[in-house]
Amino acid sequence: MEIPRFCLGIIILYGIFHLSPQFVPNNSAMPVLSTQETTNTSVNQQDSETQKHSGNAPVILQLQSVTKTYANGSHALLDVNLEVKQKEFLFITGPSGSGKSTLLKLLYGEELATQGEVIVDQCNVATLRGDRLPLLRRRIGIVFQDYKLIPQRTVAENVTFVLQAQGYTRKEIQRRLEPTLKLVGLLAKADCFPSQLSGGEQQRVSIARAIVATPPILLADEPTGNLDPDNSWQVIQILQKLNSFGATVIVTTHDEQLVRRCNHPVVQFRNGRMYRK
Ligand SMILES: Nc1ncnc2c1ncn2[C@@H]1O[C@H](COP(=O)(O)OP(=O)(O)OP(=O)(O)O)[C@@H](O)[C@H]1O
Ligand SMILES: [Mg+2]
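Just so we're clear, the structure is a prediction, and the values are computed from it rather than from any experiment.

S.K.: Looking at this model, I keep getting lost on the overall build of the protein chain. Mind explaining?
M.R.: Tallying secondary structure elements over the protein chain gives nine helices and ten strands in all. For the protein chain, the residues scored as buried account for 42% of the 277 residues in total. The contacts of the protein chain with a sequence gap of at least 6 include a subset with a gap of at least 24, amounting to 71%.

Right, here's the structure in full:
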């Protein structure tokens, strides 16, 4: 991924976000960039540091005394309390099996808490019925740890599939596709199939798919897991840029060096329990 192309993508996406608020579906998502609002914040209301940084931003993601035990008896999360305010950028670290992906799955409703409550954008995920869960998910971009690309579809089709399902017009889809692919450095691979891509390229397709609708919440599960340090840093810069546009971003990672390089709040999971760093 070349830096100039990356920068160009950022500029184009910036233009889309600012000139086309109608492309932000359903909400007040992606608020206009304000330098005062991009300061790093912490994640827990009880933490005085957090109060100092996050100001009066509303809580957008919340876990209250959440325990998750899978059907086979595996205790993935134990009594987790977490609050993330709008426009925060939070890293989640922890060893393999410590519960990071499970936490994200609870937030987008793929799994339900065994005990406790998961509140996303003021909705209790467990009580959403009918089309309310799909509607909530439209407000959440998800970068899956295992990419979840559709093998029979090209890069462009994988990225735009969700937009088509959500009823975007062809014109809107085209307008979004190119800057998004540029942003992740994959414009030249738009017509390739996933099997023709490297692991890192597939990872970037999954990032493009997550951000193409400019959702107000972005959950990225190991988005740099398959990337070299340079590409990892580029990806984090993309996520930070989206955060500066107003998205609330949660990133899980094993990459302690990357976390140290950024100045974002971090929580760590160990054996399903959450600790602040
Ligand atoms: N569908 C499932 N059924 C049963 N147990 C599961 C399931 N998914 C995860 N687990 C268990 O829950 C625990 C937490 O898993 P999780 O995937 O959340 O960890 P993680 O921190 O994301 O790990 P990694 O860094 O390897 O991705 C592990 O012990 C795992 O074996
Ligand atoms: Mg995981």
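S.K.: Hey, could you run me through the packing of helix 5 (residues 155-165) against helix 7 (residues 199-211) in this one?
M.R.: When two helices pack together, their arrangement is given by the angle between the helix axes and the distance between those axes. Look at helix 5 against helix 7: their axes get within 8 Å of each other, and the N-to-C directions meet at 30°. It follows from the interaxial angle that helix 5 and helix 7 lie roughly parallel. In this structure, helix 5 meets helix 7 at a crossing whose hand is right-handed. Contacts from Val155, Asn158, Val159 and Val162 of helix 5 reach helix 7 at Val205, Ala208 and Arg209. For the contact of helix 5 with helix 7, the class distribution of residues is five nonpolar, one polar and one charged.

S.K.: Where do I start with the pairing of strand 4 (residues 115-120) in this structure?
M.R.: Regular strands have side chains that alternate between both faces of the sheet. In terms of strand pairing, strand 1 (residues 59-69) meets strand 4 through five bridges, oriented antiparallel. Counted as the bridge partner of Gln62 is Ile119 from strand 4. With two bridges connecting them, strand 4 and strand 5 (residues 123-124) associate as antiparallel partners. Paired with Ile119 across the strands is Asn124, a residue of strand 5. In sequence, strand 4 turns back onto strand 5 through a hairpin of two residues, with Asp121 there showing a positive phi of about 50°.

S.K.: Explain the sheet that holds strand 5 here, please?
M.R.: Sheet strands pair via backbone hydrogen bonds, and the direction of the pair is either parallel or antiparallel. Within the open sheet, the four strands sit side by side as 2-1-4-5. Their pairing is antiparallel. Either end of the sheet is taken by a strand with one partner, and the two such strands are strand 2 (75-85) and strand 5.

S.K.: Quick question: what am I supposed to make of the sheet that holds strand 6 (residues 140-143) here?
M.R.: The strand order 6-7-8-3-9-10 describes an open sheet built from six strands, whose pairing is mixed. The sheet is open, and its two edges are formed by strand 6 and strand 10 (273-276), each paired on a single side. Each strand axis lies, on average, 20° off the axis of its neighbour in the sheet, ignoring direction. Here four bridges tie strand 9 (residues 266-270) to strand 10, and the two strands are oriented antiparallel to one another. Residue pairing for strand 10: Phe269 is matched across the bridge by Met274. Across the face of the sheet, helix 8 (residues 229-245) comes into contact with strand 3 (89-93), strand 7 (217-221) and strand 8 (248-252) while running at roughly 155° to strand 8.

S.K.: Whenever I open this one, the environment of His254 confuses me. Can you help?
M.R.: With respect to the helices and strands, His254 occurs in the loop between strand 8 and helix 9 (256-261). For the pair formed by His254 and Glu222, sequence separation is 32 residues and the distance between their alpha carbons is 7.5 Å.

S.K.: I keep staring at the site of ligand 1 and nothing clicks. Help me out?
M.R.: The local shell around ligand 1 holds 13 residues, among which Tyr70, Ala76, Ser96, Ser101 and Thr102 are the closest. If you tally residues by element for the shell around ligand 1, the top one is helix 3 (residues 100-107), at three residues. Broken down by class, the residue content of the shell around ligand 1 amounts to two nonpolar, ten polar and one charged.

Thresholds applied
- Residues numbered from 1 in each chain as written.
- Chains lettered and ligands numbered in written order.
- Predicted model: local features only at pLDDT ≥ 70, side-chain atom pairs only at ≥ 80, totals over all residues.
- Helix = DSSP H or I, 4+ residues; strand = E, 2+ residues; numbered from the N terminus.
- Buried ≥ 20, exposed ≤ 12 C-beta atoms within 10 Å, placed from the backbone.
- Contact = placed C-beta atoms within 7 Å.
- Axes fitted to C-alpha atoms, helices over the stretch in contact; angles between N-to-C directions.
- Parallel < 35°, antiparallel > 145°, perpendicular 65-115°, else oblique.
- Left-handed = near helix turned anticlockwise from the far one by under 90°.
- Nonpolar A, V, L, I, M, F, W, Y, C, P; charged D, E, K, R; others polar.
- Pairing = 2+ DSSP bridges.
- Near = placed C-beta within 6 Å.

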